[in-house]
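Each chain, letter by letter, is given below.
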Amino acid sequence: MSKSTSEYLSSGPHFAEHDVIERIESFRRRRPRLLDEHVTLAHGAGGKASAALVDAVFVEAFRNPLLEPLGDGAVLSLPSGERLVLSTDSFVVQPRRFPGGSIGELAVHGTANDLAVTGAVPQWISAAFVLEEGFPIAELKEIVADMAAAAAQTGVQIVAGDTKVVPNGAADGVFITTTGAGVIPEGRWLSAESVRPGDKVLLSGSMGDHGMAVMLARGDLAIEADIRSDAASVSPLVELLLAAAPATRWLRDPTRGGVGTVCNELAQACGLAVVLDEERLPVHPMVSGACELLGIDPLYVANEGKFVAVVAPEEAEAAVVALRSHPLGAEAAEIGQIVAEPAQTVVVRTGFGGTRIVDMLVGDPLPRIC
């Protein structure tokens, strides 16, 4: 074990270094495997159960080079030489309207964001609706109006769609499935394979706003807090970032599973370690307080208008300045860095001088938040 690795894994008074090493090796050996015989809510949470389901069922059946990277969208090379990104998502959030957004806005912003973090400029969306018999037409019009407004704001067109109606009780009001397409500008390449030790990890704003806003809007927790979803298009921020930091390596929006799960996906994809600085992680006090009451780590709570970026170290300062120049990126921060070891692991340096390992999300503490 190298000296630099020892410094990152120093555990302070809580446990000895050899215990940390043993835990890391245990995490390395642990690969998500599908052991369940039935689908559970955890399979939709974006964490370990989701990864196991996708790998054992969908990737196994559909395996091909375009699918296997398992990014937010598939990058398709056209005969003309252009690269098109295709992304599909479904939205089942409950309640359908929450502080800061609605299922309609979420459907457009979420789809456009999946395109933007691949480096593409979002352009077109197709939307399919599954409606439950008895669903109010007035509410459907409101949802569609929200989608139209979000599309106009994002600069995309909704160009195709489908509608299905199921009997009363066979669904939960309305489910929306979207497919988005965008074009990657020439010369723009983003991938986990380009990430190198020494690179800096940035977050474009505060963690957990969307997940907590939806949870509290349900009214089941008897917690009152002025928390609003961050649902928004990240395209303007992505373009600002790439202009200021053209050597940007990788982007991802931390939706289901939050920043912690996204960083684990990065670590596994690039074979390196992500070291986060707990004191630099931006979290609004109300979100932090609600998470503490619920026993949930903000690192695992979803956002719908933020992204995690890995940038070259010499461009990190300029990247943060550029992000903070936009209202959506006012709280952007450098939150960590990439190191060689412990490979495929995410580590957080705590404010007490110790460290802790951040594994992929297990279970589903916040069901149906998107």
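As recorded by an unreviewed UniProt entry, the protein chain carries the name Hydrogenase expression/formation protein HypE and is attributed to Mycobacterium heckeshornense. Recorded in UniProt for the protein chain, the comment headed Sequence similarities (unreviewed entry) runs: "Belongs to the HypE family."

The next thing to look at is helix H3 (residues 48–62). Three- or four-residue spacings in an α-helix give side chains the same orientation, since the helix completes a turn every 3.6 residues. Compared with the 21 Å implied by 1.5 Å per residue over 15 residues, the 20 Å span of H3 between its first and last C-alpha is a close match. At Asp55, H3 shows its largest bend, some 35 degrees. For H3, the full list of buried residues reads Lys48, Ser50, Ala52, Leu53 and Val59.

Turning our attention to the packing of aromatic side chains. This structure, assessed with the given rule, holds zero aromatic pairs. The ring of Trp189 is capped by Arg83, whose NZ or CZ atom sits 3.6 Å from the centre of that ring.

Alternating positions in strand S8 (residues 200–203) separate into two faces, Lys200 and Leu202 on one and Val201 and Leu203 on the other, with burial throughout. Here four bridges tie S8 to strand S11 (residues 308–311), and the two strands are oriented antiparallel to one another. Bridge pairing in S11 places Val201 opposite Val310. Bridge count between S8 and strand S12 (residues 333–339): four bridges; the pairing is antiparallel. Its bridge partner lying in S12, Leu202 is registered against Glu334.

About the cut-offs
Residues numbered from 1 in each chain as written. Predicted model: local features only at pLDDT ≥ 70, side-chain atom pairs only at ≥ 80, totals over all residues. Heavy atoms only, no water. UniProt positions renumbered as here; feature names shortened; annotations may be inferred. Helix = DSSP H or I, 4+ residues; strand = E, 2+ residues; numbered from the N terminus. Expected span 1.5 Å × (residues − 1). Bend = angle between axes of the 7 residues up to and from the residue. Buried < 20%, exposed > 50% of the residue type's maximum accessible area, 1.4 Å probe, protein only. Phe/Tyr/Trp six-rings, centres within 6.5 Å; stacked < 30°, edge-to-face > 60°. Lys NZ or Arg CZ within 6 Å of the ring centre and 35° of its normal. Pairing = 2+ DSSP bridges.

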